Structure formats: C-alpha cells, structure tokens
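Single-letter residue listing:
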Amino acid sequence: MRNLFILLSALLFGTMMAQAQIVIKPAAGVNFTDLSKDEGGEFKARVGWQIGGSIMLSKDRVYLEPGVFYVQKSTKFESSNSSVSDVDFNISGIRVPVTIGVNLLDEKSTVNVRIFGGGSAFVLTNTKNLDKDFLKNADWGVYAGAGLDISLFFLDASYEWSLTDISDDLDRIDVGKTRSIFVQAGFRIKL
C-alpha cells in the first residue's frame, strides 16, 4: 500500500511539473554561520560564501526548487580563557537545498515576492583549524526565508537550523549544531 501511495504521488507530481514553468537560477552570495556549543568561550559568525544554482519549477503560485551550491562557512571561537587563543574555523562542502515556496504576487510580473522553506543536506569536503576526522560527513538542516524577484534578477535570504550535531565523536569534540544565515543574488533564466 505504501509503495502504491508513493507511486501515485510521484505520478501526480510529475504530471503537475510537466506543465510547470521552468526557471534556471545561477547564484552567489554570503553566509554567516555560528555553532551552538559555547563551552570555554563563544562561537561568533563570520562571513562565508557560496556559489551554485537551482532550478525553479512553478505551477500557479506554488514552486519547487532543488539546488546545488559549493559553500564555505566560517566561525570564530573566542576563548574566555586567556591562555587559549582565538581560532577561526572554516568548513567547506556541497549544500543541496530542496525548497518549496509560494509566490505572493504574480510570478509573471516584473516584481514578485516569495516565501519559502525546505530541507537541506551539507556534505563536508574540507576543514581549516578543525580536524575533519572529528566531524560528520553529512549534516541535515531545515530552513525558511523570503525572496524578491525584479525582472531578471533575484535576491533570497534564509535562516537554516541544523538538525544534527556536526561532531562525529561527541566525547572528543562537541561543537554542536550549525545555525546559518544565507543571502544570495543571481539571475532568473526562464525556459
């Protein structure tokens, strides 16, 4: 029964999206990421960056937008102990967000406002000042945000909450979960 439900849902979704408007959205932007554990000091968000793109499939006011981005997140640990120096941590990887959103205005007009949310996966590829062996290879999160479309351009802002600790071995190192603000801009290429 479950397989039949999944098959029928996929068929319905595929039929709906076959009639959808398709928009390719290359983008670049900045992010600000901190970590949830502050033992012996404080984690402070620093400016990171991302580059990539997504494909928006819209039907009426609702849209689905999967994407792929290369992301570099940066956080500074400021120690409350004078014998320990402050450290900048950088985490790089591939972020795969899957967005479901609603166009608040007419998507075909020159100006449109959107609200959205979704889930994401972050696959770790590189670290700086943090041992990669102590971190999980994948991090899962949820996010919510808003976007503004003006002619061929767009601007999106979102806040993401990590659902999982990024530390693999909590007995050795526990930095908690990531919390990130993403701001990105790009072009809308309608097909």
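Scoring rules and cut-offs
- Residues numbered from 1 in each chain as written.
- Predicted model: local features only at pLDDT ≥ 70, side-chain atom pairs only at ≥ 80, totals over all residues.
- Heavy atoms only, no water.
- Helix = DSSP H or I, 4+ residues; strand = E, 2+ residues; numbered from the N terminus.
- Contact = heavy atoms within 4.5 Å.
- Salt bridge = Lys/Arg side-chain N within 4 Å of Asp/Glu carboxyl O.
- Phe/Tyr/Trp six-rings, centres within 6.5 Å; stacked < 30°, edge-to-face > 60°.
- Buried < 20%, exposed > 50% of the residue type's maximum accessible area, 1.4 Å probe, protein only.
- Patch = residues over 30% accessible without salt bridge, like charges linked within 9 Å, V, L, I, M, F, W, Y side chains within 5 Å.
- Areas by Shrake-Rupley, 256 points an atom, 1.4 Å probe, with all protein chains shown as cover.

## A short note on the environment of Val 113
Inspection of the secondary structure assignment puts Val 113 in strand S5 (residues 111–128). The spatial distance from the C-alpha of Val 113 to the C-alpha of Asp 149 is 6.3 Å, given a sequence separation of 36 residues. Ignoring sequence-local partners within four residues, the contact set of Val 113 consists of Val 102, Asn 103, Leu 104, Leu 105, Gly 147 and Leu 148.

## Description of the pattern of salt bridges
What the rule picks out here adds up to 7 salt bridges. Across the pair Asp 156 and Lys 25 runs a salt bridge, and its minimum N-O distance is 3.8 Å. Taken together, the residues span a long stretch of sequence, with Asp 156 in strand S7 (residues 153–162) and Lys 25 in strand S1 (residues 21–35) at a distance of 131 residues. Between Arg 114 and Asp 149 there is a salt bridge; the shortest N-O distance is 3.0 Å.

## Thoughts on the packing of aromatic side chains
Tallied over the full model, the rule gives 3 aromatic pairs. Geometrically, the ring pair formed by Phe 153 and Phe 187 is tilted, given 5.2 Å between the ring centres and 50° between the ring planes. Taken as a pair, Phe 153 in strand S7 and Phe 187 in strand S8 (residues 178–187) lie far apart in primary sequence, 34 residues in all. On the basis of relative accessibility, which here comes to 48%, the residue Phe 153 falls in the partly exposed class.

## Section: a nonpolar patch on the surface
A cluster of nonpolar residues, Val 62, Ile 100, Val 102, Leu 104, Leu 105, Val 111, Val 113, Ile 115, Leu 148, Ile 150 and Leu 155, forms a patch on the protein surface that exposes about 840 Å² of accessible area. Every element with two or more residues in the nonpolar patch is listed here: strand S4 (87–103), S5 and strand S6 (138–150). Per-element tally for the nonpolar patch: the top contributor is S5, with 3 residues. Its location among the elements puts Ile 150 in strand S6. Look at Ile 150 and you get partly exposed, because its relative accessible area is 42%.

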